[in-house]
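Overview (structure and organization)
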Protein chains: 2
Amino acid sequence: MNVHVALLHYPVYNRQHQVIVSSMTNLDIHDIARAALTYGVQRFYMVTPLEDQLQLIQRLVAHWREGHGAYRHPERKMALELVVPATSLTEVVESITLDCGQKPELLVTGASLAGPTLSFSEARKKVLLGRPLLLLFGTGWGLTNEVLEMADHRLAPIQGSNDYNHLSVRSAAAIIFDRLLGTKKEMLDAGC
Amino acid sequence: MNVHVALLHYPVYNRQHQVIVSSMTNLDIHDIARAALTYGVQRFYMVTPLEDQLQLIQRLVAHWREGHGAYRHPERKMALELVVPATSLTEVVESITLDCGQKPELLVTGASLAGPTLSFSEARKKVLLGRPLLLLFGTGWGLTNEVLEMADHRLAPIQGSNDYNHLSVRSAAAIIFDRLLGTKKEMLDAGC
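Now for a quick tour of the structure. (Residues numbered from 1 in each chain as written. Chains lettered and ligands numbered in written order. Predicted model: local features only at pLDDT ≥ 70, side-chain atom pairs only at ≥ 80, totals over all residues. Heavy atoms only, no water.)

**Here's the deal with a nonpolar patch on the surface**
All names here are of chain A.
- A cluster of nonpolar residues, Y10, V19, V21 and L50, forms a patch on the protein surface that exposes about 310 Å² of accessible area.
- Inspection of the secondary structure assignment puts V19 in strand β3 (residues 19-20).
- Owing to a relative accessible area of 49%, V19 belongs among the partly exposed residues under this scheme. (Patch = residues over 30% accessible without salt bridge, like charges linked within 9 Å, V, L, I, M, F, W, Y side chains within 5 Å. Areas by Shrake-Rupley, 256 points an atom, 1.4 Å probe, with all protein chains shown as cover. Salt bridge = Lys/Arg side-chain N within 4 Å of Asp/Glu carboxyl O. Helix = DSSP H or I, 4+ residues; strand = E, 2+ residues; numbered from the N terminus. Buried < 20%, exposed > 50% of the residue type's maximum accessible area, 1.4 Å probe, protein only.)

**Digging into the relation of the copies chain A and chain B**
- Rotating chain A by 180° about the axis while translating it 0.0 Å along that axis superimposes it on chain B, leaving an RMSD of 0.0 Å. Those values place the two copies in the arrangement expected of a two-fold rotation axis. (Least-squares fit on C-alpha atoms with pLDDT ≥ 70 in both.)

**Overview of the environment of B:L155**
Residues and elements named next belong to chain B.
- Considering the arrangement of structural elements, one finds L155 in the loop between β8 (153-154) and α8 (169-181).
- Take L155: its relative accessible area is 1%, and that puts it in the buried class.
- Residues L155 and L118, 37 residues apart in the sequence, show an inter-C-alpha distance of 4.9 Å.
- For L155, the residues in contact, after removing those within four places along its chain, are L107, V108, T109, L113, T117, L118, S119, F120, A123, I176 and L180. (Contact = heavy atoms within 4.5 Å.)

**Description of the packing of helix α1 (residues 26-38) of chain B against α8(B)**
Residue and element names in this part refer to chain B.
- The contact between α1 and α8 brings their axes to 10 Å, and the two run at 5°. It follows from the interaxial angle that α1 and α8 lie roughly parallel. Between α1, through L27, D28, D31, I32, A35 and A36, and α8, the contact on the second element is made entirely by V169, R170, A173 and F177.
- Grouping the constituent residues of the contact of α1 with α8 by class yields 7 nonpolar, no polar and 3 charged. (Axes fitted to C-alpha atoms, helices over the stretch in contact; angles between N-to-C directions. Parallel < 35°, antiparallel > 145°, perpendicular 65-115°, else oblique. Nonpolar A, V, L, I, M, F, W, Y, C, P; charged D, E, K, R; others polar.)

**Quick word on the sheet that holds strand β1 (residues 3-8) of chain B**
Residues and elements named next belong to chain B.
- Strand order in this open sheet of 6 strands is β5-β4-β1-β7-β6-β8, and the pairing throughout is parallel. Strands at the two margins of the open sheet, each flanked by one partner only, are β5 (83-86) and β8.
- Sheet topology note: the strand β6 (residues 105-108)/β8 ladder contains 2 bridges and is parallel. Pairing of L107 across the sheet is with H153, part of β8.
- Each of β4 (44-47) and β5 touches helix α2 (residues 51-65); the most contacted strand, β5, lies at about 165° to it. (Pairing = 2+ DSSP bridges.)

None of the figures reported here should be taken as evidence of function without further support.
Next comes the structure, spelled out in structure tokens:
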């Protein structure tokens, strides 16, 4: 599948709707990398402008890829091989464009996205087209309007069975991968 | 919906297939409680025989229900109201039986369940029947054979888009809730 994923720690809102850089969470890396590999995602970009946080990701990934972790937990090593630290969304888009020979379509996710949204079945059809697609997730209280305006499409929010709508980004990513990328024979080709 | 969830920290296997008590993970409580509330689960039982771990859950839940956390994060308070500490699976079954007037059917989950399994659409039909259903998740390297033998049904493992099959229990729970309990008007009644 030609699907790439980025988790943005900037620019995102905090509870007071101020634009902030959020902190990395160790478990976001592990959980989303494992789900990404399970569903055939090509790359999982961890995006932050903070140099010390980027170094932290590098160290964590190196531990699990090459260090003691790789030996004890080979299934984590495989998942963490998808993880790429990046300083900005622009850098992610440039990297995918270089890898795939064309700019990816940007599909943003969010619990409170309004306006024209793409349904899951429409988004799944886009995945099947095989053109590079970049799925964007926000931390904190969600991606800023600036990011929403850069995107080509907004994915419809996940509906559970009531109005409560506060999944962790880890849970939301797992559900979205399952809905968009779950087993279909025709989806199993090798990416760009 | 008449669906209840339990996360077992005993009896589960470790990597060497020995029966152990696993440690609680703070984020399991938060992530699974938030997903459970999103999908209309009645109760989320955190099961461990260890007294200090049970007290830890009590303290954590009290902080978010009544303490500073409740004020700052009302959406977490709502989710943590589903959390019930329990010392054993037997205690969970007795508690649901008392609440609902009948014993729940036990449906176990696991990444490597073999033999006769229930497909997701068959399991979804069971949910719609409205009889009490207890969905069991294991930590560590999975629920022991003893638990599997107590269960009425085994849920088919989640298939992603390849053979890699190492989702975190948080991701697996989110996907299973979405597949079994996702929005359908007829599923929105109030439990037992």
